[in-house]
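Structure at a glance
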Amino acid sequence: MLHTVLIVLLVIVAVSLIVVVLLQSGKSAGLSGAISGGAEQLFGKQKARGIDLVLHRLTVVLSVLFFVLTIALSYFGL
């Protein structure tokens, strides 16, 4: 029973995480954007605002929940 509930929750969280990641806007395009955009995001003063901030926080929460559910599933699945 607990195993089934954990699997259902894990699938829901995984699909939600995929949707939230796909909804986020791209920071830069191409290889040059990957090289310069990463440093700009890391050292820059730009802050996420509005829906980008909500999606970022939701991504963090869902990813932590995904790992916790995965560990719980492996612990209780034995």
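Because the structure is predicted, anything quoted here is derived from the model rather than measured.

Calculation notes
- Residues numbered from 1 in each chain as written.
- Predicted model: local features only at pLDDT ≥ 70, side-chain atom pairs only at ≥ 80, totals over all residues.
- Heavy atoms only, no water.
- Helix = DSSP H or I, 4+ residues; strand = E, 2+ residues; numbered from the N terminus.
- Buried < 20%, exposed > 50% of the residue type's maximum accessible area, 1.4 Å probe, protein only.
- Contact = heavy atoms within 4.5 Å.
- Areas by Shrake-Rupley, 256 points an atom, 1.4 Å probe, with all protein chains shown as cover.
- Core = buried A, V, L, I, M, F, W, Y, C linked by side-chain atoms within 4.5 Å.
- Expected span 1.5 Å × (residues − 1).
- Axes fitted to C-alpha atoms, helices over the stretch in contact; angles between N-to-C directions.
- Parallel < 35°, antiparallel > 145°, perpendicular 65-115°, else oblique.
- Left-handed = near helix turned anticlockwise from the far one by under 90°.
- Nonpolar A, V, L, I, M, F, W, Y, C, P; charged D, E, K, R; others polar.

Turning next to the overall build of the protein chain. When helices and strands are counted, the protein chain shows 3 helices and 0 strands. Across the 78 residues in the protein chain, those meeting the buried criterion constitute 17%. Considering only intrachain contacts with a sequence separation of at least 6, the fraction spanning at least 24 residues in the protein chain is 89%. Taken as a whole, the protein chain presents about 6,300 Å² of accessible surface, with 74% of it coming from carbon and sulfur.

With that out of the way, let us pick up the nonpolar core. Grouped together as the largest cluster of nonpolar side chains are 10 residues: Leu 6, Leu 10, Val 13, Leu 17, Val 20, Leu 55, Leu 62, Leu 69, Ala 72 and Leu 73. Those elements that place two or more of their residues in this core are α1 (2-23) and α3 (51-76). Apart from residues lying up to four places away in sequence, Leu 73 is in contact with His 3, Leu 6, Ile 7 and Leu 10.

With respect to the secondary-structure elements, Thr 59 resides in helix α3. Thr 59 sits in the buried class, given a relative accessible area of 16%. Ignoring sequence-local partners within four residues, the contact set of Thr 59 consists of Leu 17, Val 20, Val 21 and Gln 24.

The next thing to look at is α3. Look at α3: 36 Å from first C-alpha to last across 26 residues, which is about the 38 Å you get at 1.5 Å a residue. Turning to α3, its buried residues number three or more, namely Leu 55, Thr 59, Leu 62, Leu 69, Ala 72 and Leu 73. Close packing links the buried residues of α3 with α1.

Interaxial distance between α1 and α3 falls to 9 Å at its minimum, and their mutual angle equals 155 degrees. Comparing the axis directions of α1 and α3 gives the class roughly antiparallel. Between α1 and α3 lies a crossing whose hand is left-handed. Split into classes, the residues belonging to the contact of α1 with α3 amount to 20 nonpolar, 5 polar and no charged.

This brings us to the environment of Tyr 75. Relative to the assigned elements, Tyr 75 resides in helix α3. In this structure Tyr 75 comes out as exposed when scored by relative accessible area, which is 62%. Linking Tyr 75 and His 3, residues 72 residues apart in sequence, is a C-alpha distance of 10.0 Å.

Right, let's talk about the environment of Val 21 for a bit. Considering the arrangement of structural elements, one finds Val 21 in helix α1. Judged by relative accessible area, which is 42%, Val 21 ranks as partly exposed. For the pair Val 21 and Leu 55, spaced 34 residues apart in sequence, the C-alpha separation works out to 7.8 Å.

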